[in-house]
Structures are given as C-alpha cells and as structure tokens.
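Structural features, examined
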Amino acid sequence: GEAFFPCYRWVQGNEIICLPEGTARTVRDDPQNQFKKHREQELEERRKVYRWGFWKEGLILPIVGNTQWDLPRNERFREDKDLDFSLSLAKVLKDLALKGTLDLTNSVRRLEDFNKVFPRGKTPLAERVRNSWKDDALFGYQFLNGANPMLLRRSTSLPSRLVLPPEMEDLKTQLEKELQTGSLFEADFSLLDGVKPNVIIFKQQYVAAPLVMLKLQPDGRLLPMVIQLQPPRNGCPPPVLFLPSDPPMAWLLAKIWVRSSDFQLHQLQSHLLRGHLIAEVISVATTRSLPSLHPIYKLLIPHFRYTMEINVLARSNLVSEWGIFDLVVSTGSGGHVDILQRATAGLTYRSFCPPDDLADRGLLDVKSSLYGQDALRLWGVISRFPISLESRAQLCHFITMCIFTCTGQHASTHQGQLDWYSWIPNGPCTMQKPPPISKDVTEKDIVDSLPSLHQARTQKTFIKFLGRRQPVMVALGQHKESYFSDPGPQAVLKQFQEELAALDKEIEVRNAGLDLPYEYLRPSMVENSVTI
Ligand code: OYP
Ligand code: FE2
C-alpha cells in the first residue's frame, strides 16, 4: 500500500507501512475474502476523494483543493463552527475597517501609543506582558514557556557564530563558566539568515537572524547575557554585541529584534508547519491508507476534525499572495515560503516526540520549563492510551506522535498568541528599520523600527481572532462520536479521560502556586484536533 508519509525522508521505518491487516476481521474469519474486498473498495473510493494536492515546491503535500468548497463534505466545518468562524471574523474585520481608517495618516510617536491597539477583554497574562515586557526575566521566560517553546537549547559549546572581540574577555569568561556548569542556553535564529524581507506599500521591511545566549539561574529564571543580531560575514567587521549593561534603549531594541524574529519562526516553523501542516499530512495519509474498520483509523480520526478546512483557509488567506503575511509581516511576499522550505528540510521524527526532543535540547531536567514538564506528562498519558498495541512499542510511539502533534504540539504553539502578541512591541509582526549597528539608540529609533499603527492594528485583529476562546471546541479525548463498539476500547477511552482529568487538576494546583501560570497544555484547554 501507500506509505503512511509518502513524502518524508524521516519516516522510513517499515513499522509504518506494515500496519496490521484489518484487525476487525482476521483472515480466518473471512474465508471468502469478502471483508477484505470491501475494505479495498472503500480505500479505492477514498483515494479518489482525498487526493494529494500541491502548494509549493519543497513543502509537505496538502489535501487537494484551492478553496474550502473543494473539500469533501465530511471535512467541512459543520454549521456551528462555520457560523462562529465567519461571524467572529466579520466582527474583527469590521472593527479593523472602522478604527483603521485613520491609521495610515496617524503614526506611533511613543511606545505608549501601542495602547491604542491593545485589545479590550485582554488576558491577565497579556496585561502582565504590557506592564513588564522590558524585564530581562520575562524576555528569558518566553523561551521556556511563551508562545514558542521550541527554539531554546542547552549549549554544548560556544556557538561558532559568536565572535567575541578582545575587549569582551569578561563576557567570554562568564559564558565559559556557565557552559562548564551546564547552565548556558542559546536561542539561534540562523534559519532566518538571508531570507528576503518584504516591501509593504513601497516601504522596505527588515529581517534579522539573531543569536541570544542565556543563563539558567538556580532560582529557575533564564536571563539573557548577550544578543548578536546578525551572523558575522566575511570581509565585514564582526557584528555588534548587545549586553544587559548597555544603554537601556540599545538593549531594548536588541531584545525587540529578537522578539520579532521569534514571531516569524514561531508562526511559520512551530505553529504553521509543525502544528497545522503536519497534522494535515497525517490526516490525509491516514484517510487514504486505512479503512474505516481499522482500529488505528478509529483511534486517530477524532484528531483530524476540521484540520483540512482550517489549513485551506490559512493557505488561501494568510500565506497566499496578498494574504495577511504579504500585507503586514516582514517575512511576507516570499520570504515566508523560503522559511517554510528551510524548516521542512530540517524536520526530524525525534523533534515531534517530546521525550526525544527535550532530551536533544537539554531541557529534560530544567524545572522551570513548564512546557517541557507538561508536554512529557501529556505524552505519557497519550502513550498509555493505545494499550492493545503495547507489544508493538514502535507503532505505539508513532501513533502517540500523531496524536500529540494534532493536539498538544499545536496547542502549545497556538494558545500563547493572545497573551504574548497582544502587546505589539513584545512580538512585532514586522520591523521597518535595519537592525542597529551601534548602541546609540533613542526611543524614536525604536518606535520607527516597530510596526506602523496600521500594521499593529492588523496584527491585533488577527491575533485576537485566532486567540479568542473557541465556543465550538472539543477538548482532548472528549469527542462524543464513538468509533469503537467493543467494551474493551471504550474502557480504554474512559481511562484516558480519567488520566487527563487528573493531569488537568495537577496542573491547576501547580499553577495556583506560581507567579506565572502555564496553561497551554492543560488537557481541558488542549483541542482534540487542529481546528483554528
Ligand atoms: C485562516 O482575512 C485562519 O479572511 C485565520 O489559519 C483567518 C483566516 C484564515 C481568514 C483571514 C481572512 C487560521 C490557521 C493558521 C495558522 C498558522 C499561522 C498563523 C499565523 C498568524 C499570523 C497572524 C498575523 C498577524 C499579523
Ligand atoms: Fe493554530
């Protein structure tokens, strides 16, 4: 049959292709091959309806179709979801049209002016971000438990791109000391190096590829030590290094550049590619490969609801020509596709499995990585779910990866948007001046670098839309359709739900004792599939 992941070099193992032969009826129960024939016919039919499409060279394949109307009826939003999606989109767009009319002539003069586009009904965490966004501790915290917890890694050596001039002997000593004790971490945005920046209404926008070195303190706080905004280039003087001891405006602008770079990698690599697009490829491949009677089909199908439609909408409105990225994001108009291609080339199976991914990034024993702790716990609960596959450990691992990707992986990168990107300077969608090459920086330089009022309002509009509470929402493991008729699997589902409830309670209790609660992987908050 068709390989489960026809287009990925990272899934080669035959454990995926050799799925058990239709376990609803064994060969012995089916002497005339009647059931087998039925399953084959069903798959033939399915492969006609669910065809692979094509979006861009070098990217994973999507479902065929350019608009939501091209999708099979079963994949379309049902009435309640459709209504909620269209109405809330209409509402935010109306708001944008009304309040945005004067934005092209009005400008942001001071940082406080971003209050004009700070949403009402914001979350407590968004409020906290607005008040404390300049703190180094909150800046560091975001790499652990913010909107994009996927980039940070523990350093195993000083990165080769970090060229330290002789007068920075002190810094070198400090970095080496942290390295020795295993408390040195890095966030490297090299993937963005050389990406072509957007031009928006005749105005050049800018992209950088920073490196941040951070130290993990015994109290669990992660603090930045140095920021390099661009990698060194042959024949050019080494890039300036920004330090916490620099003049406040210079240090702040360096941090803002990092936040804007994180916005790009977060949305494109962590959220869109590793959440939405991978969930879609798993859905399409499963639907084409497994008949309805197959237990793995029954197990996975609830985790695919609405994924194809939301992704068609994203491809045709967010990352399309004239889409939101082209209109207001620094990597729009092609750079974003380049980033997706680069990120696709680097996908690994291990990186989709938190036990392996967190080990590879040196985060397993970091107590202040709440994302890491919760991801491991959730992974554990899911992996105890397909219990009848216990003897096929690798298949179980693979299926757990599929479910975690469609649920926890997406939730952990989707849900932070409203909290961390409502205050625009903490996650600017674009930068309008080149990265600074000196430490002579004023508040005006910062404001001129940040998004215009119109860009900021557009960011707010879509962040609010994407981050709003979903009224039509099925939480992890709470689907009402029952696919399994046997009491055995039904009991397993019930146990799954009980373990999820226990984990939810535990996280709630843990959060009650924390200064900043981490909510994105609470089972009651995690959606059962990628739907927004
Ligand atoms: C799809 O104007 C989605 O019609 C939201 O995408 C909104 C639309 C379509 C309609 C837009 C319109 C949902 C799912 C996704 C994803 C991953 C990437 C998200 C990037 C968000 C960027 C926000 C932009 C702020 C400037
Ligand atoms: Fe999403």
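As the structure is a prediction and not an experimental result, all values here were calculated from the model.

The subject of this paragraph is the coordination of the iron ion (ligand 2). Around the iron ion (ligand 2), the protein contributes the donor atoms His271 (NE2), His276 (NE2), His410 (NE2), His414 (ND1) and Ile532 (O), which lie 2.2 to 2.3 Å from the metal centre. Mapped onto the polypeptide sequence, the residues donating to the iron ion (ligand 2) form the spacing pattern H-x4-H-x133-H-x3-H-x117-I. One end of the pair, His271, is in helix α7 (residues 248-289); the other, Ile532, is in the segment after α18 (487-512), and 261 residues separate them in sequence. Residues His271 and Ile532 agree in their burial class; the two are buried.

Lining the immediate surroundings of ligand 1 are 19 residues, of which Gln267, His276, Ala314, Leu318 and Leu466 lie closest. Protein chains bury 95% of the 680 Å² of accessible surface belonging to ligand 1 in isolation. Among the elements that line the shell around ligand 1, the one with the most residues is helix α9 (residues 307-318), at five residues. Taken together, the residues of the shell around ligand 1 sort by class into 14 nonpolar, five polar and no charged.

Bringing the packing of helix α13 (residues 370-383) against helix α14 (residues 393-414) into the picture now. Packing of α13 against α14 leaves a shortest axis separation of 9 Å and a crossing angle of 140°. Of the possible angle classes, the one that applies to α13 and α14 is oblique. As α13 runs across α14, the sense of the crossing is right-handed. Along its contact with α13, which presents Tyr371, Ala375, Leu378, Trp379, Ile382 and Ser383, the element α14 presents Cys396, His397, Thr400, Met401, Ile403, Phe404, Thr407, Gly408, Gln409 and Ser412. Residues of the contact of α13 with α14, tallied by class, amount to nine nonpolar, seven polar and no charged.

This paragraph deals with the confidence of the model for the chain. Low pLDDT means the predicted coordinates in that region are not meant to be read closely. Averaged over every residue, the pLDDT of the chain is 93; the share at 70 or more is 94%. Among the prediction metrics, the complex's ipTM stands at 0.97, with pTM recorded as 0.94.

Moving on to the pairing of strand β5 (residues 211-216). Remark: a regular strand shows side chains that alternate across the two faces of the sheet. Judged by how many residues are buried, β5 sits mostly within the fold: five of six residues are covered. As paired strands, strand β2 (residues 184-188) and β5 are joined by five bridges and run antiparallel to one another. Bridging across to β5, Asp188 finds its partner in Leu211. Bridging between β5 and strand β6 (residues 222-228) involves six bridges; their strand directions are antiparallel. Looking across to β6, one finds that Met213 is bridged to Val226.

Quick look at the packing of aromatic side chains now. In total, this model carries 12 aromatic pairs according to the counting rule given. The interplanar angle of 5° and the centroid separation of 4.3 Å between the aromatic rings of Phe385 and Phe496 together place this pair among those described as stacked. Residue Phe385 is found in the loop between α13 and α14, and its partner Phe496 is found in helix α18; the two are separated by 111 residues along the sequence. Considering the side-chain rings of Tyr518 and Tyr520, the 5.1 Å spacing of their centres and the 65° angle between planes classify their relative orientation as edge-to-face. The structure contains a cluster of three or more aromatic residues connected by ring pairs, namely Phe77, Phe85, Tyr306 and Phe465. Looking at Lys255, its charged tip hangs above the ring of Phe139, at a distance of 6.0 Å from the centre. Above the ring of Phe352, the side-chain terminus of Arg274 is found at 4.1 Å from the ring centroid.

Scoring rules and cut-offs
Residues numbered from 1 in each chain as written. Chains lettered and ligands numbered in written order. Predicted model: local features only at pLDDT ≥ 70, side-chain atom pairs only at ≥ 80, totals over all residues. Heavy atoms only, no water. Donors = N, O, S within 2.8 Å, 3.2 Å for Na, K, Ca; no water. Helix = DSSP H or I, 4+ residues; strand = E, 2+ residues; numbered from the N terminus. Buried < 20%, exposed > 50% of the residue type's maximum accessible area, 1.4 Å probe, protein only. Near = heavy atom within 4 Å. Areas by Shrake-Rupley, 256 points an atom, 1.4 Å probe, with all protein chains shown as cover. Nonpolar A, V, L, I, M, F, W, Y, C, P; charged D, E, K, R; others polar. Axes fitted to C-alpha atoms, helices over the stretch in contact; angles between N-to-C directions. Parallel < 35°, antiparallel > 145°, perpendicular 65-115°, else oblique. Left-handed = near helix turned anticlockwise from the far one by under 90°. Contact = heavy atoms within 4.5 Å. pLDDT = per-residue confidence, 0-100. Pairing = 2+ DSSP bridges. Phe/Tyr/Trp six-rings, centres within 6.5 Å; stacked < 30°, edge-to-face > 60°. Lys NZ or Arg CZ within 6 Å of the ring centre and 35° of its normal.

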